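A closer look at the structure
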Amino acid sequence: MKKIFLLIYLYLIFGGNISLAQDFPLWKYTPQDGLAQSQVLSYLKDSRGIIWVGTYGGLSRFDGEHFTNYTVKDGLLGSTVTHILEDSKGYIWVLCRELGFVRFDGKNFEQFPLDETAKNWSKLILLKNGELIVSWGKEVLRFNGKSFEKHPRYKFSNPIGSIFYLKESNQLFFEDVNQNFFQETSKGILPVKDLSGWVFQGITFNDVIVFESMPINEMIRYFIFDGYSLKPFLKISPKQKEVINTFKYDFIFSNEGKVYLIKAESKKIDIVGHNLVLIDIIDQGSDNKKLAWLPTEKGLVRLTKRGFRQFSESQVPNCWSVVQDKDKQFYFSNYSLSLQKYDGTKIEKVPNELHRNVINRTYRQLNIKDFADQKSSNYWYFKPIRSTNNDLWFPSNHGILRLRHNKWTLFTSPNGEKLVFSQAYDTLRGKIVGTSIGKIFSLNIAKPNQLEFLQDTTAILFKGLILCAAVSPKGEYWLGGKCIGRYNPETKRYRYYKYASDGSKLCKMLGLTYDWDKRLWAYDFIGGVYVYNEKKDSFDRVFKSYFNTAVSFVEQIDHRHLAFGNSTGIHILDLSIFKKNGNGFVQVFNHHNGYNGIEPNQLGSYRDFDGNIWITSGTILSKMIPSELDYSLQPLKIHVLSIGGERYPFIKQTQVYELPNQQNSTTFTLESIGDNKPFRSQYSFRIKGFINEWSEWQEQNKIMVNNLPNGEHIIEFRTRMGNLSTSSSSVMAINIRVNAPFYKSPNFYKYATITFFLLMVVILIIAIRSIRQSRKLVSQSQKIGEQEHKVRFLQVQTIQAQMNPHFTFNVLGTLQHLILNNETQKASENLLKLSTLIRNYLEASLLTDNKNGSLFSHEIQLSREVELLKMYIEFEQLQYVDRFEYEISLDGKLNTENYRVPPLILQPFVENAIKHGLLYKSPSEKGMLLIRFISLNEDTLICTIEDNGVGRTEANLIQTRSLKKYKSRGTELVKRRVDILNEMGYDIAITVDDGITGGTVVTIQIGYK
């Protein structure tokens, strides 16, 4: 009676048909994986295989491997994306909440904002004729190719909230905000009473609609509507979930934080996820029976509906091995934790006390000084065995524990090491073969108290832990560890294998497995896989470049396929292909397509009565269901995302794409599209007529194409899944045009280099000839140059020689004036001064007589030039008493001893200022002569000679009217001399200006080039 009440209670709680314990594989994508935002509001898988995801943070594009995100900056109207649709031309339509629609062609977003006054919009609906419609308040809008316009056929009295469309039967249904339903018929828009007033939401599955009712007394019902009649499908209450009628598609729904799956044509309800809330009921069954994408509040979740089930770590912690008894109950060996028993519906712990008491009792009987506590009694190891008499044999650190009819017995070694690391079953002799540290032994099942030790203490195999064992069909024992050993129980002899046939070292062997074709596989820690060659009595290495990390197990799936465990997933080998070419991996299962375990355990596979493969790992316990697996690989699709950083459209692609800005190099960003990609995608390309061979495979999705010649080129791209040789993809070709300048052509530098060397050769020949000829010319030019220099020097000397008597004549004229006026005393004094003046003048002349020195060596110190000027001016004052005064000023920074000037450059201009400026003034007006010396820099001196005479114009008029037309030749000679000096390295400039208040200002700048 109690059992009946218990069954009724379980039925009320679980609905009688909800499967518990095993979970479906889920994998969640969040912003950490590249998703725009974690709250997924909508999604779409388009005809190209791209997954589009709408979130509160924008639109995400997922190719099965990478996310690309789009926001308002890229062209969205807003960041909240509530609906996504692909139209008949391949455009992607995005509804941005309360703002409007955006159409995307892969390159540009085209915006279609809607009036915010109409608060009720439905999702976009694509009709069979390709027309797009959407509700807009009481109206229905249609897209005319350029904009949305009011549809002439539809007008309602209340705002429309939802539109449902059955594509197969081409039926259109409308629901207004008051939950009234209407249908378009040949007679117009008519109400649908069966649907009005109770529908909460609905989802369309091609030819049917599933409606969810409003809750009534905490009961939610689902109905299937084919456009003509309603059929009850599912009812849900807090105490019961029941499928009333089967549905031809897979159906997924969420309730109270759990997600459920009802497979097509089934009444069984499976729990597929915990602590997940779906945004909406979703269409998951009409196109993909293996995979589903779940939009949730915590990210985009991929659900693998077929092929794998799993127990979480919280359900089955730290499982190392699995075994099944005759009643089809499973035992899970959890290292350092209690054994668990699973009957297909529930998991329960096996009481630890029972086998722990047996261990301690056996120790006492054998006088073993050891003790098994709560933890050490649960050190379970690899490969428990069910013998032909249906006993279960568990390897542990205490020995072998046998479970028979729920009673435990320990078989152990009374001396030395008790650990049993792994086991194999000798069905011919009825023995368990166990491996341990430095030894192996056999245990006779019929007489289990007799342990037979089989070690060879001299062999390297027995110098450490023996990791694995296998029994051949002939009854020989194969052992793996530091090498491979073979033991013949009949002859009691060992044969050791330290190297494979190719010289590879056989060491750290993790496993030895016989397949159904009696082929022995050996595999190690570093990814080496070997097959025993019986004819050659050696091991041949296979798959040399395939595995890079340890192979943990090999398990037969069916007559054609083997499963290999590896850190990258479960690799499926097609034996028929392997026999032909030595390769043949056709599929890999990992977290991308259903198997979520991390690093399958050593010897961590077990085949149950139903042919399912149980796989232990570092995280979860998984069950692989071969009958549900698909070993084929769907071809990947390849698409160009951008060229040179500019997005490339996936529709309306131009026939020829011209590289911008006269470029002949660019970067192509590619995407490999597919939802079953266990490995990272690889890419390759070629350029027809330029690089005809396909490039090496690369994982980087950016391909650089450099130095293309001008013209049109066809570039082809392809992709594959990792190094799976059976994976394939379509080939995408792009026709590009290059119109680059000649210097960017690919052979420009080659031809430029050749031309450069040819020019260098020509120049070298010309240079040699020129050198020979120039040597002749140099000697001639040197002679000519020396002669020319002498000529120029003599010209300066000649001019200076002309100036010397001119100056002397002027001075003697002054003395003559004094003598005629009987001023003998003054004449005598000034004659003495004249001698000093002439002596200084002669010294200056002597400096210029040295024809062998440079021109600059004939300069005199500025102090001597100033002294000569003073003497000359004072002589002029003797002749013209009280007619003028003079002043010579020197810049305070000017050191007259350091500055040197050509002699007698300044004196003629001083003379000109006196004779033609000051003396032409009225005798009653006293003249003033100012001479200033200013240092511009270390090499440049400026001298100004300023008088307040009559000025240049008046002086010319007076001289013209004068009977004695005296013409001063001093300034003319100086200017000719200056021209020659400038040609020989000086930089002398003379300017003559009128004074501001009258008179003349002469500025002489003396420097060097």
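Taking an unreviewed UniProt entry as the reference, the protein chain is identified by name as Histidine kinase belonging to Flectobacillus roseus.

This next bit is on unusual backbone geometry. Unusually for a residue other than glycine, Asn217 sits at a positive phi of about 55 degrees. Tracing the sequence through the fold places Asn217 in the loop between strand S20 (208–213) and strand S21 (220–225). Note on Asn217: relative accessible area 76%, which makes it exposed. The phi dihedral of Lys383 is positive, around 65 degrees, even though this residue is not glycine. Summarising the element assignment, Lys383 is placed in the loop between helix H2 (352–365) and strand S34 (385–386). The class for Lys383 is partly exposed, based on a relative accessible area of 25%.

Turning next to the pairing of strand S16 (residues 171–176). Of all the six residues making up S16, six are buried; the element is thus mostly covered by neighbouring parts of the structure. Of the two faces of S16, the one holding Gln171, Phe173 and Glu175 and the one holding Leu172, Phe174 and Asp176 are both buried throughout. Sheet topology note: the strand S15 (residues 160–166)/S16 ladder contains six bridges and is antiparallel. Along S16, the bridge assignment pairs Ile163 with Phe174. If you look at the hairpin formed by S15 and S16, you'll find four residues sitting between the two strands, and Asn170 has a positive phi there, around 55 degrees. By the bridge criterion, three bridges tie S16 to strand S17 (residues 181–185) in an arrangement that is antiparallel. Counterpart to Phe173 in the pairing with S17 is Gln183. Here S16 folds back onto S17 in antiparallel fashion, the turn holding four residues, of which Gln179 has a positive phi close to 65 degrees.

Attention now goes to the environment of Asn895. Along the chain, the position of Asn895 falls in the loop between strand S66 (884–890) and strand S67 (900–901). Through-space distance from the C-alpha of Asn895 to that of Ser863 is 8.7 Å; in sequence the pair is 32 residues apart.

In spatial order, the strands read S19-S20-S21-S22-S23; together these five strands make up an open sheet with antiparallel pairing. Of all strands in the sheet, those bounded by a partner on one side alone are strand S19 (199–205) and strand S23 (240–243). Pairwise comparison of adjacent strand axes, ignoring direction, gives a mean angle of 20 degrees for this sheet. Bridge analysis of strand S22 (residues 230–237) against S23 gives four bridges, and the strand direction is antiparallel. Among the inter-strand pairings, Ser237 is bridged to a residue of S23, identified as Gln240.

A separate point is the sheet that holds strand S8 (residues 92–96). The strands making up a sheet associate through backbone hydrogen bonding, with each pair oriented either parallel or antiparallel. Strand order in this open sheet of four strands is S7-S8-S9-S10, and the pairing throughout is antiparallel. This sheet does not close on itself; its edge strands, each paired only once, are strand S7 (81–86) and strand S10 (109–113). Each adjacent strand pair in this sheet contributes to an overall mean axis angle of 20 degrees, direction not counted. Where S7 and S8 come together, five bridges link them in antiparallel fashion. The residue of S8 that forms the bridge with Ile84 is Val94.

Before going further, it helps to spend a moment on the packing of helix H6 (residues 862–879) against helix H7 (residues 907–918). Running from N to C, H6 and H7 point in directions that differ by 25 degrees, and their axes come no closer than 10 Å. It follows that H6 is roughly parallel to H7 by the angle criterion. H7 is crossed by H6, and the crossing has right-handed handedness. For the pair H6 and H7, the contacting residues are Glu865, Leu869, Tyr872, Ile873, Glu876 and Gln879 in the first and Gln907, Val910, Glu911, Ile914 and Lys915 in the second. Within the contact of H6 with H7, the residues separate by chemical class into five nonpolar, two polar and four charged.

Take the side chain of Asp947 next. Considering the arrangement of structural elements, one finds Asp947 in strand S69 (residues 940–947). An unpaired buried charge is present at Asp947: no salt bridge exists, and Lys921, the closest side chain of opposite charge, is 7.8 Å distant.

A separate point is the pattern of salt bridges. Two side chains of opposite charge can pair, provided their charged atoms sit close to one another. For the structure shown, the criterion picks out 48 salt bridges. The closest approach of N and O atoms between Lys474 and Glu534, which form a salt bridge, is 2.8 Å. Residue Lys474 is located in the loop between strand S42 (468–471) and strand S43 (477–480), and its partner Glu534 is located in the loop between strand S48 (529–533) and strand S49 (538–542); the two are separated by 60 residues in the primary sequence. In this structure, Lys474 and Glu534 share a single accessibility class: exposed. Three or more residues are tied together by salt bridges with common partners; here these are Asp63, Glu65, Lys677, Arg680 and Glu699.

What counts as what
Residues numbered from 1 in each chain as written. Predicted model: local features only at pLDDT ≥ 70, side-chain atom pairs only at ≥ 80, totals over all residues. Heavy atoms only, no water. Helix = DSSP H or I, 4+ residues; strand = E, 2+ residues; numbered from the N terminus. Buried < 20%, exposed > 50% of the residue type's maximum accessible area, 1.4 Å probe, protein only. Pairing = 2+ DSSP bridges. Axes fitted to C-alpha atoms, helices over the stretch in contact; angles between N-to-C directions. Parallel < 35°, antiparallel > 145°, perpendicular 65-115°, else oblique. Left-handed = near helix turned anticlockwise from the far one by under 90°. Contact = heavy atoms within 4.5 Å. Nonpolar A, V, L, I, M, F, W, Y, C, P; charged D, E, K, R; others polar. Lys, Arg positive; Asp, Glu negative; His and termini not counted. Salt bridge = Lys/Arg side-chain N within 4 Å of Asp/Glu carboxyl O.

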